[in-house]
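Coordinates in review
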Amino acid sequence: ATSNGSVRIVSNLCGEAGYVVMDHDAATGVLQGYDFWGGIYRDMYAYGVQFDAAGNAIMTGEASIVGPFTYYTISVSPDRHLNWGGWEESRGRAQAIAIDVAGNIMVAGLMTQQQQWWSDIVTICYDKRGRKLWAQAYDGGINGKDFASAITTDASGNVYVVGYSETATWGTEIVTIKYSDLPA
């Protein structure tokens with residue numbers, strides 16, 4: 001719910017290059033307004049969304065202008081204007097998002113290097129204004145496929161990422177990563 005009592009829905013658009021942010025009246029369900037995001041991108045998908053204390057929708061996922069997909073994270077205000085946005089200069093996608101008690105945004109997903117089949121779990125922390133504070137990569141040890149599926153934080157500022165890593169026998173194992181004492 002937004003600060004004006006409406007319900008905000010974020011949805012990927014089937015067959016379209018982007019997603020839509022829609023506000024509906026909480027009592028009647030009547031559409032109050034919407035905005036389409038993704039116009040310059042060939043493809044753009046939101047995989048995670050959280051709302052901060054100010055009612056901004058923070059969305060993360062993957063986007064592509066002309067080349068391979070890359071991480072992107074944006075903040076959209078309660079009146080559906082872009083506060084900030086950015087992407088990483090690597091192939092990959094952000095899969096999960098969390099906001100800590102200080103209002104910092106944590107995203108986790110996977111990134112690959114150019115022309116590589118393997119991936120690493122990458123966790124990035126942004127401040128409320130979209131400035132990158134830190135980034136951490138996790139390689140499961142065999143240069144295989146590592147993938148983040150969830151992220152959360154606790155009241156002490158620790159960050160927890162859950163996902164999986166490929167094993168040497170081509171199986172997978174569950175991975176839980178804890179980051180603490182990182183700059184914020």
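Please refer to the structure higher up on the page.
Figured I'd write up the structure that's included with this text. Given the structure is predicted, the values throughout are model-derived calculations rather than measurements.

What counts and how
- Residues numbered from 1 in each chain as written.
- Predicted model: local features only at pLDDT ≥ 70, side-chain atom pairs only at ≥ 80, totals over all residues.
- Heavy atoms only, no water.
- Buried < 20%, exposed > 50% of the residue type's maximum accessible area, 1.4 Å probe, protein only.
- Helix = DSSP H or I, 4+ residues; strand = E, 2+ residues; numbered from the N terminus.
- Pairing = 2+ DSSP bridges.
- Contact = heavy atoms within 4.5 Å.
- Phe/Tyr/Trp six-rings, centres within 6.5 Å; stacked < 30°, edge-to-face > 60°.
- Lys NZ or Arg CZ within 6 Å of the ring centre and 35° of its normal.
- Salt bridge = Lys/Arg side-chain N within 4 Å of Asp/Glu carboxyl O.
- Axes fitted to C-alpha atoms, helices over the stretch in contact; angles between N-to-C directions.

1. Side note on the pairing of strand S8 (residues 105–112)
With eight of eight residues buried, S8 lies mostly within the body of the structure. Bridge count between S8 and strand S9 (residues 120–126): seven bridges; the pairing is antiparallel. Each residue of the ladder has a partner; that of Met 111, found in S9, is Asp 120.

2. Observations concerning the environment of Ala 135
By secondary structure assignment, the location of Ala 135 is in strand S10 (residues 132–138). C-alpha separation for the pair Ala 135 and Cys 125, spaced ten residues apart in sequence, amounts to 6.3 Å. When neighbours within four sequence positions are excluded, Ala 135 is seen to be in contact with Thr 123 and Ile 124.

3. Brief notes about the packing of aromatic side chains
Under the defined criterion, the tally for this structure stands at three aromatic pairs. Between Trp 134 and Tyr 179, the ring centres sit 5.9 Å apart and the planes meet at 55 degrees, which makes this aromatic pair tilted. One end of the pair, Trp 134, is in strand S10; the other, Tyr 179, is in strand S13 (residues 172–179), with 45 residues separating them in the sequence. When its relative accessible area of 7% is taken as the criterion, Trp 134 is described as buried. Take Tyr 179: its relative accessible area is 10%, and that puts it in the buried class. It is Arg 93 that lies over the ring of Tyr 47; its NZ or CZ is 5.3 Å from the centre.

4. Here we look at the pattern of salt bridges
Summed over all chains, the structure comprises one salt bridge. With a shortest N-O distance of 2.8 Å, Arg 131 and Asp 127 are connected by a salt bridge. Take Asp 127: its relative accessible area is 10%, and that puts it in the buried class.

5. Section: unusual backbone geometry
Despite not being glycine, Trp 170 has its phi angle at roughly 70 degrees, a positive value. The topology assignment puts Trp 170 in the loop between strand S12 (159–166) and S13. Under the relative-accessibility criterion, Trp 170 is labelled exposed at 63%.

6. Brief notes about the pairing of strand S6 (residues 70–76)
Extensive coverage of S6 is indicated by the burial of seven of its seven residues. Relative to S6, strand S5 (residues 57–64) runs antiparallel, the two being bridged by seven bridges. By the bridge assignment for S6, Ala 63 is matched with Thr 70.

7. Observations regarding the sheet that holds S12
The strand order across the open sheet built from three strands is S11-S12-S13, with neighbouring strands paired in antiparallel fashion. Of all strands in the sheet, those bounded by a partner on one side alone are strand S11 (146–153) and S13. Averaged over neighbouring strand pairs, the angle between their axes works out to 20 degrees when direction is ignored. Bridge count between S12 and S13: eight bridges; the pairing is antiparallel. When the sheet's bridge partners are listed, Val 161 is paired in S13 with Ile 177.

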